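Chains, contacts and geometry: an overview
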Amino acid sequence: MSLRSMLDRAANGGRLSFDEGVRLYLEADLHDLGAAAHARRVQLHPPDLVTYVIDTTVNYTNVCNVHCTFCAFFRPEHHREGYTMSHDEVLARVKHAADQGATQIMIQGGVNPELRVEWFEELFRRVCAEYPHVDLHSLSVSEIVGLARIENLPVRDVLQRLKTAGMKSLPGAGAEILVERVRKRISARKVKPEEWIGVMREAQQLGMPTTATMMFGSIETPQERIEHLNIIRDLQDETNGFLAFIPWYYIPYKTPLRGKEATGLEYLRVLAISRLYLNNIPHLQASWLTPGLKMGQLALFYGCDDMGGTIIEEQVVHDAGNTNEASRRDLEEAIRSAGFKPAVRNTYWNLREEPVLSAH
Ligand code: SF4
């Protein structure tokens, strides 16, 4: 089959086989790939709108017993640079974000064996009581599995307890590349691919919205990138629980693994193939935090319909050597100057009434 006919089929929502995905990823012209991805995005969502969420990330602890080689953020237990925020410190950061209009809070950190499930329950209850209009889109599969191990509880029970305490949605963090060969090199002590899938399935069965992610550009092959997409697509066929897919690239500068940063063209190619391959996932997010707002604008022509969040505060990607920052106004201006109308959404990807900022 020709590349053109594969692109046309995928642009209309048709399904690509694994081999077709690999072939398109490796051989299609970047602009053709982008045009097909954009055509699909226009079919799925209002063509003139690009959404974003007002949010922040609170990295409550950098203590972690998983020790991923691509991570510059974590410190092993008892390290002098390790920190864990108190509940009051986390609440102060939530207040700072809520005062700026945030409706989504991502509380995420290392897998710190000192913290028990009650610590999170109490924290989440306080956040929900004091800031009822913010949604906790928080923790990660690694933190959930870490808690299940410490507590000797099934993952489902941990998720249910956290949900009862106020956690609304589970982010897709910790997926990296869901291929064992890659994980052995970059995150040998982290959850196995089948565990990541299992936790997501449990969260989705409990009615939590979730997102899926991919951190690419470490040591994986192009085929392994498509394998990752295939795993996500299969789970979505089964559960329909992913609202969005968010690929970003590895920042190597201060990590033990080192290596090279992906190019902008590679980022756009990954976005476009993701939009085309994941024909069952509604949203594709431009993760401007790693490639910057200018690449974020280009991403809007390679399949993305969402610009992510304002991320008022963030430490993990920053510690790996990333220095990108953007205010709400910056995000809106980037969306406008790319030719789209900004629209504020919530954690469930529903549009909010809130007016966007004026252009000047
Ligand atoms: S990526 Fe997450 S799990 Fe891995 S070392 Fe860093 S904080 Fe720990």
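Presented here is a report on the structure given in the accompanying data block. From a predicted model like this one, the values you see are computed outputs, not experimental measurements. (Residues numbered from 1 in each chain as written. Predicted model: local features only at pLDDT ≥ 70, side-chain atom pairs only at ≥ 80, totals over all residues. Heavy atoms only, no water.)

For helix α1 (residues 3-11), the full list of buried residues reads Met6, Leu7, Ala10 and Ala11. Looking down the long axis of α1, one finds its buried residues gathered within 130° of arc, a one-sided arrangement. Contacts from the buried residues of α1 go to α2 (18-27), α3 (30-44) and α11 (264-277). Following α1 by one or two positions, Gly13 adopts a phi angle in the positive range, close to 90°. (Buried < 20%, exposed > 50% of the residue type's maximum accessible area, 1.4 Å probe, protein only. Helix = DSSP H or I, 4+ residues; strand = E, 2+ residues; numbered from the N terminus. Arc of directions from axis to C-beta. Contact = heavy atoms within 4.5 Å.)

For the rest of this paragraph, the subject is helix α4 (residues 87-99). With 13 residues, α4 should cover 18 Å at 1.5 Å per step; its first-to-last C-alpha distance of 18 Å lies within 8% of that length. Residues His87, Val90, Leu91, Val94, Ala97 and Ala98 constitute the buried set of α4. Buried residues of α4, seen end-on, are gathered within an arc of 120° and therefore sit on one face of the element. In this structure, α4 carries Asp88 and Asp99 as exposed residues pointing more than 90 degrees from its buried face. Residues of α4 that are buried in the fold lie against β2 (55-58), β3 (104-107) and α5 (117-130). Backbone geometry just downstream of α4 places Gly101 in the positive-phi region, at approximately 95°. (Expected span 1.5 Å × (residues − 1).)

With that settled, the discussion passes to the packing of helix α6 (residues 141-151) against helix α9 (residues 193-205). The geometry of α6 relative to α9 is characterised by a closest axis approach of 10 Å and an angle of 90° between their N-to-C directions. Here α6 lies roughly perpendicular to α9, going by the angle between them. Here α6 contributes Val141, Ile144, Val145 and Arg149 to the contact with α9, which in turn contributes Glu195, Trp196, Val199 and Met200. Considered class by class, the residues forming the contact of α6 with α9 number six nonpolar, no polar and two charged. (Axes fitted to C-alpha atoms, helices over the stretch in contact; angles between N-to-C directions. Parallel < 35°, antiparallel > 145°, perpendicular 65-115°, else oblique. Nonpolar A, V, L, I, M, F, W, Y, C, P; charged D, E, K, R; others polar.)

As a further point, take the nonpolar core. The biggest cluster of nonpolar side chains holds 115 residues, and the ones touching the most others in it are Trp196 and Met307. Residue contributions to this core peak at eight residues, all from α11. (Core = buried A, V, L, I, M, F, W, Y, C linked by side-chain atoms within 4.5 Å.)

Looking at the element boundaries, His137 is found in strand β4 (residues 135-137). By relative accessible area, His137 is classed as buried at 7%. Not counting residues within four places of it along the chain, the set of residues in contact with His137 comprises Gln104, Ile105, Met106, Ile107, Ser169, Leu170, Pro171, Thr211 and Thr347.

Another aspect to go through is the environment of Ile197. Looking at the element boundaries, Ile197 is found in helix α9. The exposure class of Ile197 is buried, given its relative accessible area of 17%. Put simply, Ile197 and Leu178 are 19 residues apart on the chain and 8.9 Å apart in space, counted from C-alpha to C-alpha. Those residues in contact with Ile197, other than ones at most four positions away along the chain, are Ile231 and Leu235.

On to the site of the ligand, then. In the vicinity of the ligand, the contacting residues are Cys64, Val66, His67, Cys68, Phe70, Cys71, Phe74, Gly110 and Lys190. Along the lines of polarity and charge, the residues of the shell around the ligand split into six nonpolar, two polar and one charged. (Near = heavy atom within 4 Å.)

Per the stated rule, a full pass over the model turns up eight aromatic pairs. Their ring planes at 85° and their centres at 5.5 Å tell us that Tyr60 and Phe120 sit as a pair that is edge-to-face. Of the two residues, Tyr60 is situated in the loop between β2 and α4 and Phe120 in helix α5; the sequence distance between them amounts to 60 residues. Exposure class is identical for Tyr60 and Phe120. Each is buried. An aromatic cluster is present here, built from Tyr60, Trp119, Phe120 and Phe124 joined pairwise through their rings. (Phe/Tyr/Trp six-rings, centres within 6.5 Å; stacked < 30°, edge-to-face > 60°.)

On to the environment of Leu123. Tracing the backbone shows Leu123 in helix α5. When the C-alpha atoms of Leu123 and Phe70 are compared, they prove to be 29 Å apart, with 53 residues separating the residues in sequence. Discounting chain neighbours no more than four positions away, the residues touching Leu123 are His87, Val90, Leu91 and Ile107.

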